[in-house]
Amino acid sequence: MSFEQIKKSLLVSLWFMVLTFPIMVIRVNTIYHTVEWRWHRMFGVGISVFVLSFLWRYLMGRKEAGLKRKDRGEADILSRSQKLLHEPRFTRPAVIMAGAFIIAFPFIFSIYQTNIMITALIYVVTGLGLNIVVGLAGLLDLGYVAFYAVGAYSYALLNYHFGVGFWIALPIGGGIGMLFGILLGFPVLRLRGDYLAIVTLGFGEIIRLVLENWNAFSFGPSGIANIPRPGLFGVDFSLREATIYIYFLMIALALFTVFVVRRLQNSRIGRAWIALREDETACQAMGIDKTKTKLSAFAMGATWAGMAGVVFAAKTTFINPASFTIWESIIILCVVVLGGMGSAIGVIIGALVLILLPEYLRAFSEYRMLLFGAILVIMMVFRPGGVVSEVRQTYQFKGKGD
Amino acid sequence: MGYFLDLFLSGLTRGSIYALIALGYTMVYGIIQLINFAHGEIYMIGAFTALIVAGVLTIYGWNQMAIIFIASIVALLYSMGYGYTIEKIAYKPLRHAPRLSALISAIGMSLFLQNYVLLAQTSDFMLFPSLIPDFKFLTSFSHIARPSEFVIIISTAIVMVLLTFFIKFTKTGKAMRATAQDRQMAMLVGIDVNRVISITFIIGSATAALGGVLIASHIGQINFYMGFIAGIKAFVAAVLGGIGSMPGAVLGSLVLGWTESFFTGYVSSDYEDVFAFIFLVLILIFRPSGILGRSDTQKV
Amino acid sequence: MKPVLEVTKLTMDFGGLRALDRLDLIVQEGEIVALIGPNGAGKTTFFNCITGIYPPTKGEMFVYPNEGHPVSLKGLKPNQVTEKGLARTFQNIRLFPNMTVLENVMIGRHCRTKSGIVGAVIKDKRTRAEERKIVEDSYTILEKIGLTRYVNEFAKNLPYGAQRRLEIARALSTEPFLLLLDEPAAGMNPQETKALDALILKIRSEEKISILLIEHDMKLVMSLSDRIFVVDYGKKIAQGTPKEIQNDPAVIKAYLGEDIDA
C-alpha cells in the first residue's frame, strides 16, 4: 500500500462523497417543507468507497495478470475449486451428503423454509432454462419471464375454465411456452445481439401489460386465485403435506432439467449453440443453419420457463401480472451470470446463493435488488465466465496418441 | 381542431423530452456501440437532484428565479458526474469484452442506480415544485398550451442547435465524430479516445438531466422508476431515427411523441406503453437501421 | 477435365463503390488455383460472394458436384453453400475459441449429420452411433492435419500456426469438394509455410479436393498453383500459369505502381 495508492483512494472516496451527497444525505419533504440532513451517511460512503477502491485495484491487478498469462500462450490454470469439482474422492461423498440433506430437508425444517427452498428450486429450473438461451447460445433474452407467465397463466386459465389438473397442465404449459418461444423468436432472431435484448424486453413487457389490461381474458391486475396445488391420485393433502409434495416434485423437475441440459450440452445441437455464441459468421460458414439453431435454443429455454410457471402457479395458488415484471427476468439473468454461463452446477449454486441468502439474512433483503445490480456489473468486469466456468467434455483416444 | 392541436402540442412536448434523452443514447452508441441501459437512470437522478436542491432552497426562502437557476445547474452538474463515473466503473473495463458482457453490465448499472435512489430517498412519488415560472409573455398563448410546454419545446430546440454547433465546429466535436467513425484510426492520429468517450457520456448525461428536470416540473411528480420507461421509449426513438445519428434521434423522438399522443388521444390510453413496445418491435424487425440510419454491413 | 466452380461476370457494388467488376473465374477438378492482387483488390469480397455472406449485385456462380447437376450458388445462405460442398477459412482466424480443438472439427460434421434435440436427450442407439462416428471422423481429420496432440485443448490456447491449420481441419470436416483458403499462410514463419505447402498438396492428392486460395506469399503461390488469377480494383487483369503471370507486364504494374516505366 504505497502513498500514491492511498492518495488515489482518498481522492476517489472524496469524489463519491461529493457525488452521492444530495441523494444520500439530504431528504426533503416537499409537502411539509422540512429537510433532514443525514451526515453520517456521507462518512459511511467515504469509508466504504475508500476500502472498496483498494479491493477494486487489487481485483483489477489480478485480472490483468491473468490476461497477460493468456497472452503468453499459457493454458488457463484450473482454479482449485474447479479441480475439486472433478475429484471423485471429493465429489462422491459430497453428492451423497447433499442428497441426504435434500431428502431430509422438508422433514427437518418448517413449511415456511420448505417454501423458500421451493422458490429457490424454481429459480434453479428457470436459470437452467435461460442458461440454454444466454449461456449456451449467447442470445441475451430479457423477456424470459414472459414464458414463465405464459406457463403460469396456462395452468390457471385451463384449470379455471376446464378444470384441467396439474399433471396435465405441466406438459401443456411447457408446450405453450415452447410455442410462444417459436412465435416470438421467429421474427426477432435475425436481429443483432443488443437489439435482440431490447426486443425481447419489449415482448416481455407487452405480454405483462396485456395480462394487466385484458380483463376479460386474464382478470387483469387482480389476477387469478384458488389455483389447486398438484394432486396425487386424488389423495387429500394437508397444507404441510402438499408443500412437501411440491418440494419433491420440484427436486425431481430440477434433476430432470439438469439431466436434459447436460445431455444437450454435449450433443450435436448443443455444440451448434455454443459455436453460434462463439462466432456467428464462422458458425454459418461451417454449415449450421443460424435461424434454426437460434430458434431451437429459444424454444428450449421457453419450454422450461413454461413448466416452471405451471409449478409456480400451483405453489402460490394465486397469480397476477405483478409477479412477471422485467425485474424477474433480470433476477434469473443474474442467477445465470453469477453461477457461470454455460455451466449447470454454476447455475444451481447461483440460484441457491441469490435466492436463499437474502431470505435468511433479513437485513440483506432490502438491499436485494441493489446487490443484484452490483453483482451483474462486478461479475462482468472481473469474472464474465461466472463462479464456475464452463468445462467442455474431453475425449480419450486409446493407442492413437502421437 | 382544438383537440387535434392539443394532441399535437402534447406530442411535441413528449417528443422533445424523448429527444433530450435519445441524444445521449445515440451519441454513446455511435461511439462505443453500447446501449447504455443506465441512461434513463441519469435522467431520473437529474430530476431527483433538482428536487432536492429546490426543496432545500425553498425552505431557506430563496427567490424563485434563483432556485430555478441553481437547481437546474446543480442537477446538470451532478448528472454529468454520474454519467462520467458510470462509464469509468461499468463500461471502461469492458471495452474489449464481448458486447454481451457490456450490455449485461449496463443492465446491472441501471438496476443498481434505481435501487440506490429507492433506498436513499423513497419508493413513493415525490411532489416536484413547479420550477418553470408562468412567463408573462407566454400567458397570452395560454389558451393553446401551458407555459411549461412552450419552455420544454423551446429549450429542447436551443439544446439541439447548440449541440449541432458543438459537434460540427469545435475540436472536441470533430474528435467525437472521428472516434465514432473509426476508433482505432482516431487513436492513431493522436485523439485521446478515453477522453472523447468520457465527454460523450458527460454531454449525453447533461441533456438527459435537463429532460428530467423539465418533465418533472411539467408533470409535477417524480419517482425512482421514472427513468426506466422513459429510457426505453427514448431508445425506441433513437432506433426509429437511426441509432448513431443525431438528427435521426430528434426526428425519431418527435415521430414517437406524436404517434403516442395521437394513439392515446384517439384510440386507447390503456395500451399506451404496449403501443410503444409494439412500435419498437416492429421497427427493429422491419427497419433496424431506422429512418436516417445507414445499414451497416458486417466485416468478415 | 471438368470444372468444379464457374463464376461469370460477378459484380458487387457497395453503395457507389464497385468492389468486383464482371469477374470471370473457373476452377477445374483437382486444380489448385490462386487468386492474387494488391490489398483491397476485392479478393475476400469475392470469397464472401461465393460463400453467401454477401449477395452479389450481378453475375452467375455455379458449382459442379461430383455427382448430380450443376448448382447455382445465387441466393444461397452461407450454411447452404457449405452443404453443397464448398468450405472456407477466414483471413483473420475465426475459430470457436472456447471449444476444444476436437469440438471445432466436430462442428464441421454438423451439416452431414442429423440427430436432433429428442435424440440428444434420450440418447437412442442411432444418436449414439452417430455421435461416435462424429468423434471418430473428426479425430481422423486431426490426424491427417497433425493436430492430435491438441485434441482436448481449447482452440484459443493453440499456437498461431496450429490455429491456422485447425481452420483448415474444420473446413475439411464438412466434406467439401472445393476448399477456399483465405490467406492461409498469413503470419506464418518460413518453416510453417513450408509445412502448409505440403499440407495443401496432400489435401489435393489424398482427398481429391480442388483448392482456390487467396495468398500474398508469392513463393507459396508460385510453387503451389496450377493457375493464377490476378485482380486489381475488382477487375481481372491477368490469368495463366505461374510462369506466365511472373512475366506479365500488367501484373508487374499493378503490384509495383505506374511509374515503373518512367
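Residues numbered from 1 in each chain as written. Chains lettered and ligands numbered in written order. Predicted model: local features only at pLDDT ≥ 70, side-chain atom pairs only at ≥ 80, totals over all residues. Heavy atoms only, no water.

A. Molecular detail of the overall build of chain C. For chain C, the count of helices and strands is 10 helices and 10 strands. Taken over the C-alpha trace, chain C has a radius of gyration of 19 Å; the compact-globule value for 262 residues is 18 Å, and the two agree within 12%. Structurally, chain C occupies a C-alpha span of about 75 × 40 × 35 Å along its principal axes. Per-residue burial for chain C yields a buried fraction of 55% across its 262 residues. Look at the contacts in chain C between residues 6 or more apart in sequence, and 69% of them connect residues 24 or more apart. Here chain C holds 36 positive side-chain charges and 34 negative ones, and the gap between their average locations is 5 Å. (Helix = DSSP H or I, 4+ residues; strand = E, 2+ residues; numbered from the N terminus. Rg over C-alpha atoms; globule rule 2.2 N^0.38 Å. Buried < 20%, exposed > 50% of the residue type's maximum accessible area, 1.4 Å probe, protein only. Contact = heavy atoms within 4.5 Å. Lys, Arg positive; Asp, Glu negative; His and termini not counted. Charge placed at Lys NZ, Arg CZ, Asp CG, Glu CD.)

B. Seen up close, the overall build of chain B. The secondary structure content of chain B amounts to 12 helices and 2 strands. Written out in order from the N terminus, the α and β elements of chain B read α-α-α-α-β-α-α-α-α-α-β-α-α-α. Over its C-alpha atoms chain B spans a radius of gyration of 19 Å, differing by no more than 12% from the 19 Å that the globule rule assigns to 300 residues. For chain B, the spread of C-alpha atoms along the principal axes amounts to about 60 × 45 × 40 Å. A buried classification covers 61% of the 300 residues belonging to chain B. Taking the contacts inside chain B whose residues are at least 6 apart along the sequence as the reference set, 77% of them involve residues at least 24 apart. Carbon together with sulfur atoms contributes 67% to the accessible area of chain B, which is approximately 12,200 Å² in total. Counting 17 positive and 13 negative side-chain charges, chain B places the averaged centre of each group 15 Å from the other. (Areas by Shrake-Rupley, 256 points an atom, 1.4 Å probe, with all protein chains shown as cover.)

C. Layout of the pattern of salt bridges. Applying the stated rule across the entire model yields 26 salt bridges over all chains. As a salt-bridge pair, Glu212(A) and Arg208(A) come within 3.5 Å of each other at their nearest N and O atoms. Note that Glu212(A) and Arg208(A) are positioned in helix H9 (residues 193–213) at a spacing of 4 residues, about one turn of the helix. On the accessibility criterion, Glu212(A) (25% relative accessible area) is partly exposed. With a shortest N-O distance of 2.3 Å, Glu87(B) and Arg95(B) are connected by a salt bridge. We note that Glu87(B), like Arg95(B), is buried. The network of salt bridges with common partners includes Asp13(C), Arg18(C), Asp21(C), Arg22(C) and Lys235(C). (Salt bridge = Lys/Arg side-chain N within 4 Å of Asp/Glu carboxyl O.)

D. Inspection of a nonpolar patch on the surface at higher detail. Residues and elements named next belong to chain A. Taken together, the side chains of Ile-345, Ile-349, Val-353, Leu-357, Tyr-360, Leu-361, Phe-364, Tyr-367 and Leu-371 present a nonpolar region at the surface, about 720 Å² in accessible area. With 5 residues, the top contributor of residues to the nonpolar patch is helix H16 (residues 344–360). Tracing the backbone shows Leu-361 in the loop between H16 and helix H17 (362–365). The exposure class assigned to Leu-361 is partly exposed, which follows from its relative accessible area of 42%. (Patch = residues over 30% accessible without salt bridge, like charges linked within 9 Å, V, L, I, M, F, W, Y side chains within 5 Å.)

These values are about where atoms sit, not about what they do.
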